[in-house]
Amino acid sequence: MYTKDGERYFIVDGHVHFWDGSPANQANKYGEGFISCFYDYHRGLSPAEWVWPREKFERYSEDDLIHDLFEEGYVDRAIFLPTYLSDFYVNGFNTTAQNGAVAEKHPGKFIVNGAWDPRNGEPGLRRLEEDAARWNLKGVKLYTAEWKGDSKGWKLTDPWAQRYLEKCRELGITNIHVHKGPTIWPLNRDAFDVADVDDAATAFPELNFIVEHCGLPRLEDFCWIAVQEPNVYGGLAVALPFIHSRPRYFAQVIGELLYWLGEDRILFASDYAIWQPKWLVEMFVDFQIPEDLRGEYPELTPDVKRKA
Amino acid sequence: MTGHAPDRGLGNSRRAGPTASRETHRPATEPSPRPDPAAVRAALATVRDPELDEPVTDLGFVAEIRVEGGEVSIRLRLPTYFCAPNFAYLMVADAYDVVSALPGVERVAVRLEDHFAASEINAGVAAGQGFAAAFPALADGELAQVRRVFLRKAFLAATERVCAGVLRDGLSPDALAGLRLGDVPPSPDLDRLRRRRAELGLPDDPDARLLVDTDGRPLHRDEAAAHLRFARVTRVGVDANTALCRTLITTRYAPPGPRTGRTTRQVGGPA
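Residues numbered from 1 in each chain as written. Chains lettered and ligands numbered in written order. Predicted model: local features only at pLDDT ≥ 70, side-chain atom pairs only at ≥ 80, totals over all residues. Heavy atoms only, no water.

Caption draft 1: Spatial organisation of unusual backbone geometry. All names here are of chain A. Cis peptide bonds are those with omega within 30 degrees of zero, and the linkage from Tyr 272 to Ala 273 qualifies with 10°. Within the secondary structure layout, Ala 273 lies in the loop between β11 (266–267) and α11 (277–286). One non-glycine residue, Leu 85, adopts positive backbone phi at about 45°. Structurally, the position occupied by Leu 85 is in the loop between β4 (77–80) and α4 (96–105). Here the phi dihedral of Asp 271 falls at roughly 65°; this positive angle occurs in a residue that is not glycine. Position of Asp 271 relative to the elements: it lies in the loop between β11 and α11. Relative accessible area serves as the criterion here: at 3%, Asp 271 is assigned to the buried category. (Helix = DSSP H or I, 4+ residues; strand = E, 2+ residues; numbered from the N terminus. Buried < 20%, exposed > 50% of the residue type's maximum accessible area, 1.4 Å probe, protein only.)

See the structure below:
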């Protein structure tokens, strides 16, 4: 719980990781390249006092995780979103089992999500059923840019993806977190296209589709979809840290999201350990739309922030 | 290698993109016998990141320009290891094209570095074989379509920038629909809007209406507000993405030690 100026904020961090990106776990140059990208995001957008040495960033301890989120970071509940990247990391980057083991040791602190990949076919569907029973899954993280042998990604509109979404509906897994990032296949299309979320959200109105990183870098496409699909939400990871280094951009992004989606469909997220939630929470609660943008965007009230 | 294959399979990439500005680098009179680094850099300044709509020189993507006699070699780099390879391919191919067209250039080598698909992209551009051939199993066609999608976004963002300027000057939003390009005071934003319209094949003369959709149809007064609203979220998205890329490339290539910003090597010239 975070309290400021008499206002109380219950903090749900919608996107956290407990990863192993260390050289020992890197399977190839892609694993090294992936954690390097993350580290550049971390170094580039964090305040200087929150920048870790690379070795710690590659593999931090369970104590670091608990301390940073709950003791220092004001987080009341953290949502684990696994990212397997099995072609890049020997034991996976950040798996449901790794996250689940930590969550079981700290009851009431975490929400564990599963993951699936339509390219795993029937065995993957059975695995999803087992994971759902084992971890009491209410949500899954989908990483459409994941490499798998010759395939460099997939789409929510693929026939097998439709079967997995159907299985989620059966199992009561209602929160579908979709990472919209550098999907690199098919290469000649727009790599960040969010159109497949539109189709899936229409086909599965009972499921909630949370677009992580709120569609950045395709903010306008995401907003366009979200206006038409009431079950589409935007996660603020990656957009939120602009609040420190580029506050005017953050003001405009959050202003647009409030206009197109409204205050009920925007979700706070740190993407820990890319960013530490403490400074994000403090700065977000203190943040206000700059005076000269007030004609274009409304004031950010404590209620708006609390809902996020 | 000048006069490199006229069709490398990039579809209309030559018409949409740096081609229009290329003429300014080709003197109509006697060609100079040897290219110089400044001319190479000026040519590269016409190559844009398709999604950010900014020159690659300004974004810090040009790591080095080296000229030896008639041979030019260029090193390019991007904000992350996993930057989308389609955009990367377009920039490498465009750099190759504009530098090849310079007088006195006999041979061009463009090398993208620190990217997961660098070897495929570099080999593909050097062989002039087109994007699909560079990625035989993965790309189902060429890149003209993706370039056009982002040119439309650049056009929308440029429209919003010009309209925001006009509104700041005190005009009411309702009046925007009646404006013509010639009614808008000159500015770099207006120049950019006119260039993007020309690249899309939309009218860009002073008599043309300021508010047109991506097919060139003039917008009615009651459509103007919604159009501008969408243009604004497009512009905000492009700006935020540009800010992210600028931050990441600075972080990735910042020289060690107390010095920050660009080194002389990074802004080009023979190293």
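Caption draft 2: Structural context of the packing of aromatic side chains. All names here are of chain A. Applying the stated criterion across every chain yields a total of 41 aromatic pairs over all chains. Taken together, a centroid distance of 4.4 Å and an interplanar angle of 10° make the contact between Phe 80 and Phe 110 stacked. Here Phe 110 lies in strand β5 (residues 110–112) and Phe 80 lies in strand β4, a separation of 30 residues in the sequence. Ring plane angle 80° and centroid distance 6.3 Å describe the contact between Phe 250 and Phe 284, whose orientation is recorded as edge-to-face. Within this pair, whereas Phe 250 is found in helix α10 (residues 247–260), its partner Phe 284 is found in helix α11, the two being separated by 34 residues in sequence. Accessibility assignment for this pair places Phe 250 and Phe 284 in one class, buried. Above the plane of the ring of Tyr 9 lies Arg 306, whose end atom (NZ or CZ) is 5.4 Å from the centre. (Phe/Tyr/Trp six-rings, centres within 6.5 Å; stacked < 30°, edge-to-face > 60°. Lys NZ or Arg CZ within 6 Å of the ring centre and 35° of its normal.)

Caption draft 3: Summary view of the interface of chain A and chain B. On the chain B side, the residues contacting the 43 residues of chain A number 39 residues. Summing both partners gives a buried area of about 3,600 Å² for chain A against chain B, and 65% of it is carried by carbon and sulfur. Inspection of the region where chain A meets chain B yields six salt bridges. Across the pair B:Arg229 and A:Glu256 runs a salt bridge whose closest N-O atoms are separated by 3.5 Å. For the side of chain A that touches chain B, the secondary structure elements donating two or more residues are α1 (29–45), α8 (219–228) and α10 of chain A. In terms of residue count, α1(A) provides more of the side of chain A that touches chain B than any other element does, ten residues in total. Looking at side-chain class alone, the side of chain A that touches chain B contains 26 nonpolar, four polar and 13 charged residues. (Contact = heavy atoms within 4.5 Å. Buried area = accessible area lost by both parts, 1.4 Å probe. Salt bridge = Lys/Arg side-chain N within 4 Å of Asp/Glu carboxyl O. Nonpolar A, V, L, I, M, F, W, Y, C, P; charged D, E, K, R; others polar.)

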